Amino acid sequence: MKKLALHWKILIGMIVGIFFGLWMTSVDGGAKFVGNWINPFGNIFVKLLKLIAVPLIIASLVKGISDLKDISKFKNIGLRTIGIYIGTTVVAITIGLFLVNIAQPGEGISEETITKLTETYANSSSVQSKIQEATNQKNSGPLQFLVDMVPDNAMKAMSNNKAMLQVIFFTIFLGISMLLIGEKRAKPLKDFFDSLNEVVLKMVDLIMLFAPYAVFALLANVVVSSNDPDLLLALLKYAFTVVGGLLIMVIFYMILVSVFTKKNPLWFLKQLSPAQLLAFSTSSSAATLPVTMERVEEHIGVDKEVSSFVLPVGATINMDGTSLYQAVAAVFIAQALGFDLTFANQLTIILTALLASIGSAAVPGAGMVMLVIVLESVGFPADKLAIGLALIFAVDRPLDMCRTVINVTGDATVASLVAKSVGKLGEPNPKEWDDNYNEVK
Ligand code: ASP
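An unreviewed UniProt entry annotates the chain as Dicarboxylate/amino acid:cation symporter originating from Polaribacter aquimarinus. As stated in UniProt under Subcellular location (unreviewed entry), the record for the chain gives "Cell membrane".

Shown next as structure tokens:
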């Protein structure tokens with residue numbers, strides 16, 4: 001019998017998880033049961049993915065750079081990557097602004113709903129901590145992000161999943177120095193990293209065997225911990241505006257893929273789908289990164305010289321879904337609270353949402369922290385920030401799930417575009433977890 005493709009298994013896991021979660025919400029003590037006995041398996045899965053992220057980035061980036069043989073190529077890839085990342089993000093924000101100005105989702109929100117949302121969330125610790133986090137970020141100087149990118153202790157950087165850019169910095173430094181000592185002398189180190197790279201990719205295959213069950217657990221937990229359905233309904237127009245914008249982004253990526261790489265965009269989406277489904281289930285592009293790398297390299301055919309740099313950098317700085325959401329959310333909040341935004345304000349949103357999405361961490365809920373900075377940039381009163389965030393808090397998790405899918409799809413699209421432009425988009429070569437199993441069984 002033909003084996004069911006991984007993305008179908010994951011999708012089935014997700015759907016069963018949603019129904020199980022719904023059923024558990026109606027059972028006495030169901031939510032607690034899911035929290036105690038189901039959710040831990042989802043957490044273990046996310047931890048396993050995070051566990052291999054740093055070794056994978058290091059091994060694959062060293063391999064990518066040492067395969068280059070020529071440093072100027074790296075500069076080429078780097079500049080194109082950053083350029084296209086900025087371009088796609090500006091497109092995303094513009095689409096968001098355009099839609100929110102047409103749909104005006106904030107106009108229909110009644111005073112009563114605003115009061116209810118404010119009472120429920122404005123003083124909640126989650127909203128307050130997001131505002132606090134944003135204040136901490138804002139208080140640092142303009143070049144702080146460059147200072148933060150340089151680690152003062154390589155081991156410390158590698159032991160911190162949030163220090164992904166520091167790890168990338170160290171690894172590029174290492175890889176370039178390896179090129180400079182010449183192929184012969186760098187060979188032992190290169191062989192070591194090549195082998196490590198294969199091992200970690202095998203670990204991804206093994207972890208993915210567990211994916212369908214893990215997404216069941218993750219989604220069941222999302223459902224039992226979701227908010228009052230009445231509040232969700234009041235925000236439906238806003239949520240649809242965000243989701244509509246995200247769907248337009250998918251079409252935009254498909255056009256890019258088809259025009260610039262000449263690959264069939266539907267085939268592209270199918271190859272990427274396990275990573276997208278995980279992005280949806282985990283709400284974290286950082287946790288999804290190992291799977292994104294595996295899919296883009298083995299199933300889409302992007303050479304490691306490109307993917308090893310473009311994808312980890314993209315997971316941290318390229319967030320098209322997040323920036324689109326920030327634009328829509330900022331304008332929605334302004335509309336609902338009667339705060340007028342001029343055209344110049346909207347242009348400011350484009351710039352700050354671009355910077356904010358670069359600064360957002362690739363973890364659940366991070367986009368909301370930077371939204372505070374976007375709101376402040378257009379002069380939104382500080383005393384109303386908590387009310388503003390309270391307005392969108394109820395639907396933030398589902399929208400986070402959706403925007404993370406777009407963040408990951410954007411990274412993969414740009415990786416394919418850059419690869420094609422430097423002649424590094426080849427044929428896919430998928431590997432299975434049991435390719436060598438017979439030899440060791
Ligand atoms: N959860 C998103 C990500 O990991 C970031 C965000 O928009 O909150 O890509």
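Next, the rest of the story.
A. Structural detail: the overall build of the chain. Regarding its fold elements, the chain presents 21 helices and zero strands. The C-alpha radius of gyration of the chain comes to 22 Å, within 12% of the 22 Å expected for a compact globule of 441 residues. For the C-alpha atoms alone, the extent of the chain along its principal axes is close to 70 × 50 × 45 Å. Put simply, of all contacts in the chain between residues at least 6 apart along the chain, 86% involve residues at least 24 apart. With the model as given, the accessible surface of the chain reaches about 20,100 Å², and the carbon-plus-sulfur share is 65%. If the 34 positive side-chain charges of the chain are averaged to one point and the 34 negative ones to another, these points end up 7 Å apart.

B. Fine view of the site of the ligand. Close to the ligand lie 15 residues, the nearest being Ser285, Thr322, Gly367, Asp400 and Arg403. A distance of 3.0 Å is found between an oxygen atom of the ligand and a backbone nitrogen or oxygen belonging to Ala366. Gly367 is positioned with one of its backbone polar atoms (N or O) 2.7 Å from an oxygen atom of the ligand. For the ligand, the protein covers 100% of the area, taking 270 Å² as the surface of the free molecule. Examining the composition of the shell around the ligand, we find that four residues originate from one element, helix 20 (residues 396-421), more than from any other. Residue classes in the shell around the ligand are distributed as five nonpolar, eight polar and two charged.

C. Representation of the nonpolar core within the structure. Core analysis: the largest hydrophobic core is formed by 69 residues, its most contacted members being Phe45, Met208, Leu278, Val296, Phe309 and Val310. It is helix 2 (residues 30-68) that provides the largest number of residues to this core, a total of 12 residues. Look past the residues within four positions of Leu278 in its chain and what remains in contact with it is Phe45, Leu49, Met208, Ala211, Val215, Ser283, Thr288 and Val291. Residues Leu97, Ile131, Ala327 and Ala330 belong to the second largest nonpolar core, which totals 58 residues.

D. Representation of the pattern of salt bridges. Tallied over the entire structure, the rule returns 10 salt bridges. A salt bridge links Asp67 to Lys63; its shortest N-O distance comes to 3.0 Å. With a gap of four residues between them, Asp67 and Lys63 both fall in helix 2, about one helical turn apart. One salt bridge in this structure joins Asp194 and Lys190, with 3.3 Å as the shortest N-O distance. Pair noted here: Asp194 and Lys190 are both in helix 9 (residues 183-208), with a separation of four residues, about one helical turn. Within this structure, Lys63, Asp67, Lys190 and Asp194 form a network of salt bridges that share partners.

E. Spotlight on unusual backbone geometry. We note that Gln104 has phi near 45°; this positive angle belongs to a residue other than glycine. If you trace the backbone, Gln104 turns up in the loop between helix 3 (71-103) and helix 4 (111-122). On the basis of relative accessibility, which here comes to 31%, the residue Gln104 falls in the partly exposed class. Phi is positive for Ser283, close to 55°, though the residue is something other than glycine. Here Ser283 shows up in the loop between helix 13 (265-282) and helix 14 (285-300). Taking the relative accessible area as the measure of exposure, Ser283 reaches 1% and is therefore buried.

F. Broad picture of the packing of helix 9 against helix 14. Closest axis-to-axis distance for the helix 9/helix 14 pair is 10 Å, and the angle between their directions is 110°. With respect to their mutual orientation, helix 9 and helix 14 come out roughly perpendicular. The two elements helix 9 and helix 14 meet at a crossing, and its hand is left-handed. Between helix 9 and helix 14, the residues in contact are Leu201, Val204, Asp205 and Met208 and Pro290, Val291, Glu294, Glu297 and Glu298, respectively.

G. Layout of helix 17 (residues 343-359). Compared with an ideal rise of 1.5 Å per residue, which puts 17 residues at 24 Å, helix 17 spans 24 Å between its outermost C-alpha atoms and is within 8% of the ideal. Those residues of helix 17 lying buried are Asn345, Gln346, Ile349, Ile350, Thr352, Ala353, Leu354, Ala356 and Ser357.

H. Highlighting helix 15 (residues 304-317). Here helix 15 spans 19 Å end to end across 14 residues, near enough to the 20 Å set by a 1.5 Å rise per residue. Between a side-chain oxygen at the N-terminus of helix 15 and the backbone nitrogen of Glu305 the separation is 2.9 Å; the capping residue is Asp303.

I. Representation of the environment of Val422. When you line up the elements, Val422 lands in the loop between helix 20 and helix 21 (437-440). Sequence spacing of Val422 and Lys73 is 349 residues, and the spatial spacing of their C-alpha atoms is 8.5 Å. In contact with Val422, other than residues within four places in its own chain, are Ile77, Arg80 and Val306.

J. Representation of the UniProt feature "transmembrane region" (unreviewed entry) in the chain within the structure. Mapped onto this numbering, the UniProt entry gives "transmembrane region" (unreviewed entry) at residues 7-24, 44-62, 82-103, 163-182, 203-224, 236-260, 324-343 and 349-375. The straight-line gap between the two end C-alpha atoms of residues 324-343 is 17 Å; of that span, 70% is helix and 0% is strand.

Procedures and definitions
Residues numbered from 1 in each chain as written. Predicted model: local features only at pLDDT ≥ 70, side-chain atom pairs only at ≥ 80, totals over all residues. Heavy atoms only, no water. UniProt positions renumbered as here; feature names shortened; annotations may be inferred. Helix = DSSP H or I, 4+ residues; strand = E, 2+ residues; numbered from the N terminus. Rg over C-alpha atoms; globule rule 2.2 N^0.38 Å. Contact = heavy atoms within 4.5 Å. Areas by Shrake-Rupley, 256 points an atom, 1.4 Å probe, with all protein chains shown as cover. Lys, Arg positive; Asp, Glu negative; His and termini not counted. Charge placed at Lys NZ, Arg CZ, Asp CG, Glu CD. Near = heavy atom within 4 Å. Polar contact = N/O pair within 3.5 Å; in protein donor to acceptor, adjacent residues only side chain to side chain. Nonpolar A, V, L, I, M, F, W, Y, C, P; charged D, E, K, R; others polar. Core = buried A, V, L, I, M, F, W, Y, C linked by side-chain atoms within 4.5 Å. Buried < 20%, exposed > 50% of the residue type's maximum accessible area, 1.4 Å probe, protein only. Salt bridge = Lys/Arg side-chain N within 4 Å of Asp/Glu carboxyl O. Axes fitted to C-alpha atoms, helices over the stretch in contact; angles between N-to-C directions. Parallel < 35°, antiparallel > 145°, perpendicular 65-115°, else oblique. Left-handed = near helix turned anticlockwise from the far one by under 90°. Expected span 1.5 Å × (residues − 1).

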